[in-house]
Amino acid sequence: ADSGGQFVIAYLICAVPVLRLLKLLRRFESFYLILRAFRLAMESLPVLLYILAVIVMVFASLIYVVEPRSNIESLPHALWLTIVTVGTIGYGDVVPKSS
């Protein structure tokens, strides 16, 4: 029973300030402006994600065809390389070797 009480206290210590800040945001008009902008941007997000998926698939297929099999063994490896490259993460675990 003691650990349950500690959990409730920890929850209240963490959650109450966040809830108070969210309650305070109701007074700021610029916050509603940002929310409205995000809602408008969400309408076009599926189209952008679809275009990104098509681009990733096309370039992954191209990399799979062009690269030697010793470097890119399968299409999932090519997809991984393309996603990491498009996301500008660049882990460096797979790199293209063709010139």
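To keep things clear, this report deals only with the structure shown in the data block. (Residues numbered from 1 in each chain as written. Predicted model: local features only at pLDDT ≥ 70, side-chain atom pairs only at ≥ 80, totals over all residues. Heavy atoms only, no water.)

So, the packing of aromatic side chains
Part 1: One pass over the full model with this rule turns up two aromatic pairs.
Part 2: Relative to Tyr 32, the ring of Phe 31 lies with its centre 6.0 Å away and its plane at 65 degrees, an arrangement referred to as edge-to-face.
Part 3: Summarising the aromatic geometry, the rings of Trp 80 and Tyr 91 are spaced 5.7 Å apart at their centres and angled 5 degrees between planes, so their arrangement reads as stacked. Linking Trp 80 in helix H3 (residues 75-86) with Tyr 91 in the segment after H3, this pair joins segments that are 11 residues apart in sequence.
Part 4: For Trp 80, a relative accessible area of 36% gives the class partly exposed.
Part 5: Judged by its relative accessible area of 56%, Tyr 91 is exposed.
Part 6: A cation over a ring is seen here: Arg 69 above Tyr 64, with NZ or CZ 4.0 Å from the ring centre. (Phe/Tyr/Trp six-rings, centres within 6.5 Å; stacked < 30°, edge-to-face > 60°. Helix = DSSP H or I, 4+ residues; strand = E, 2+ residues; numbered from the N terminus. Buried < 20%, exposed > 50% of the residue type's maximum accessible area, 1.4 Å probe, protein only. Lys NZ or Arg CZ within 6 Å of the ring centre and 35° of its normal.)

Considering unusual backbone geometry
Part 1: Of note in the backbone geometry, Thr 88 takes a positive phi value of approximately 50 degrees without being a glycine.
Part 2: Positionally, Thr 88 belongs in the segment after H3.

A few points about helix H2 (residues 29-66)
Part 1: For H2, built from 38 residues, the straight-helix expectation of 56 Å at 1.5 Å per residue is met to within 8% by its first-to-last C-alpha distance of 54 Å.
Part 2: Along H2, the helix axis deviates most sharply at Ser 44, where the bend reaches about 40 degrees; the proline Pro 46 sits within four residues downstream. (Expected span 1.5 Å × (residues − 1). Bend = angle between axes of the 7 residues up to and from the residue.)

Quick look at a nonpolar patch on the surface
Part 1: On the surface, Val 47, Tyr 50, Ile 51, Val 54, Ile 55, Val 58, Phe 59, Leu 62, Val 65 and Val 66 cluster together into a nonpolar patch covering about 950 Å² of accessible area.
Part 2: Inspection of the secondary structure puts Ile 51 in helix H2.
Part 3: The class for Ile 51 is partly exposed, based on a relative accessible area of 44%. (Patch = residues over 30% accessible without salt bridge, like charges linked within 9 Å, V, L, I, M, F, W, Y side chains within 5 Å. Areas by Shrake-Rupley, 256 points an atom, 1.4 Å probe, with all protein chains shown as cover. Salt bridge = Lys/Arg side-chain N within 4 Å of Asp/Glu carboxyl O.)

A closer look at the packing of H2 against H3
Part 1: H3 packs onto H2 with a crossing angle of 125 degrees between their chain directions and a minimal axis gap of 8 Å. Classed by the angle they form, the pair H2 and H3 counts as oblique. Every pair of crossing elements has a handedness; the one defined by H2 and H3 is right-handed. Contacts from Leu 52, Val 56, Met 57, Phe 59, Ala 60, Ser 61, Ile 63 and Tyr 64 in H2 reach Leu 75, Ala 78, Leu 79, Leu 81, Thr 82, Ile 83 and Val 86 in H3.
Part 2: When its residues are assigned to classes, the contact of H2 with H3 shows 13 nonpolar, two polar and no charged. (Axes fitted to C-alpha atoms, helices over the stretch in contact; angles between N-to-C directions. Parallel < 35°, antiparallel > 145°, perpendicular 65-115°, else oblique. Left-handed = near helix turned anticlockwise from the far one by under 90°. Contact = heavy atoms within 4.5 Å. Nonpolar A, V, L, I, M, F, W, Y, C, P; charged D, E, K, R; others polar.)

A few points about a positive patch on the surface
Part 1: There is a patch of like positive charges on the surface, built from Arg 20, Lys 23, Arg 26 and Arg 27.
Part 2: Assignment of secondary structure puts Lys 23 in helix H1 (residues 2-24).
Part 3: According to the relative accessible area criterion, Lys 23 is exposed, its value standing at 56%. (Lys, Arg positive; Asp, Glu negative; His and termini not counted. Charge placed at Lys NZ, Arg CZ, Asp CG, Glu CD.)

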